Amino acid sequence: VMAVRDALLPAGEREKNLAADLNDFSWFDAVDTPAEDGAVFFASGVFYYFRTEQVRALCAAMAERFPDGRLVFDAAGPAAVKQAGIRDVGAYFSVRDAEKELTSWSNRISISSRGYMLGYQDLRGPGIRNIHRLLAGIADGPMKLQIVRMEFQARNGVSS
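The rules behind each value
- Residues numbered from 1 in each chain as written.
- Predicted model: local features only at pLDDT ≥ 70, side-chain atom pairs only at ≥ 80, totals over all residues.
- Heavy atoms only, no water.
- Helix = DSSP H or I, 4+ residues; strand = E, 2+ residues; numbered from the N terminus.
- Expected span 1.5 Å × (residues − 1).
- Buried < 20%, exposed > 50% of the residue type's maximum accessible area, 1.4 Å probe, protein only.
- Contact = heavy atoms within 4.5 Å.
- Pairing = 2+ DSSP bridges.
- Salt bridge = Lys/Arg side-chain N within 4 Å of Asp/Glu carboxyl O.
- Phe/Tyr/Trp six-rings, centres within 6.5 Å; stacked < 30°, edge-to-face > 60°.
- Core = buried A, V, L, I, M, F, W, Y, C linked by side-chain atoms within 4.5 Å.

Structural notes on helix 2 (residues 52-65)
Reasoning step 1: In a regular helix each residue adds 1.5 Å, so 14 residues correspond to 20 Å; helix 2 covers 20 Å between its end C-alpha atoms and thus fits that length.
Reasoning step 2: Taken as a whole, helix 2 has its buried residues at Gln54, Val55, Leu58, Cys59, Ala61, Met62 and Ala63.
Reasoning step 3: Along its buried surface, helix 2 packs onto strand 1 (40-43), strand 2 (70-75), strand 3 (109-115) and strand 4 (146-152).

Now the structure itself:
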């Protein structure tokens, strides 16, 4: 998968695509980030296949290792994850209210989130059909689809 991704969307000058077992934190060593630059990680469509405890452990370890960094990922509420119908995984990571549920994971983590569909687009314009507004409202409403931004605080609790 990573080879195809690299062929289609090669990493930029300051980017690195990593194929790794997220439960084995040795991949942290592949991230070369100057202390004054916080690392930014994107995990799109990844965490759905992990148990909450695994995601929590990963995020806490990242907060320790990458102060002033951030992690951006998509998440969904339990109804959306259940409806996805993936049957070969025993548990799925889901979140109803990211800011409320994930902030307690570490005193070095702060959370913000936006609706996956409505949070980034103004759907009131004349070029947007009503059906798209309706689907976006369902996705961001009952399904709780969201983009989560997790900021890692420096050890003294203050980011630079």
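Quick notes on the environment of Ala79
Reasoning step 1: Within the secondary structure, Ala79 sits in helix 3 (residues 78-83).
Reasoning step 2: Taking relative accessible area as the criterion, Ala79 reaches 43% and is therefore assigned partly exposed.
Reasoning step 3: Sequence spacing of Ala79 and Val95 is 16 residues, and the spatial spacing of their C-alpha atoms is 9.9 Å.
Reasoning step 4: Among residues more than four places away in sequence, those in contact with Ala79 are Pro142 and Met143.

What about the pairing of strand 4?
Reasoning step 1: Most of strand 4 is tucked away, with 6 of its 7 residues classed as buried.
Reasoning step 2: As paired strands, strand 2 and strand 4 are joined by 6 bridges and run antiparallel to one another. Each residue of the ladder has a partner; that of Asp74, found in strand 4, is Ile147.
Reasoning step 3: Direction of pairing for strand 3 relative to strand 4: antiparallel, over a ladder of 7 bridges. The residue bridging Ser112 from the neighbouring strand is Arg149, located in strand 4.

Description of the pattern of salt bridges
Reasoning step 1: The final tally for this structure, using the stated rule, is 5 salt bridges.
Reasoning step 2: A salt bridge links Arg65 to Asp29; the nearest nitrogen and oxygen atoms lie 2.9 Å apart. Placement of the pair is Arg65 in helix 2 and Asp29 in the loop between helix 1 (2-8) and strand 1, with a sequence separation of 36 residues.
Reasoning step 3: Glu151 serves as the salt-bridge partner of Arg70, at 3.2 Å between the closest nitrogen and oxygen.

Points about the packing of aromatic side chains
The geometry of an aromatic ring pair is captured by two quantities: the separation of the ring centres and the angle between the planes.
Reasoning step 1: Per the stated rule, a full pass over the model turns up 9 aromatic pairs.
Reasoning step 2: Residues Phe47 and Phe73 carry aromatic rings whose centres are separated by 5.0 Å and whose planes lie at 70 degrees to one another, so their mutual orientation is edge-to-face. Note that Phe47 is positioned in the loop between strand 1 and helix 2 and Phe73 in strand 2, a separation of 26 residues in sequence.
Reasoning step 3: Take Phe47: its relative accessible area is 2%, and that puts it in the buried class.
Reasoning step 4: Geometrically, the ring pair formed by Phe93 and Trp105 is tilted, given 6.1 Å between the ring centres and 55 degrees between the ring planes. In this pair, Phe93 sits in the loop between helix 3 and helix 4 (98-102) while Trp105 sits in the loop between helix 4 and strand 3, placing the two residues 12 residues apart along the sequence.
Reasoning step 5: With a relative accessible area of 2%, Phe93 lands in the buried category.

Comments concerning the nonpolar core
Reasoning step 1: Counting 29 residues, the largest nonpolar core has Phe47, Met62, Leu71, Phe73, Phe93, Leu102 and Met150 as the members making the most contacts within it.
Reasoning step 2: Those elements giving two or more residues to this core turn out to be strand 1, helix 2, strand 2, helix 4, strand 3 and strand 4.
Reasoning step 3: Among the elements that make up this core, the one with the highest residue count is helix 2 (6 residues).
Reasoning step 4: Not counting residues up to four positions away in its chain, the partners in contact with Leu71 are Phe41, Ala43, Phe47, Cys59, Met62, Val148, Arg149, Met150 and Phe152.

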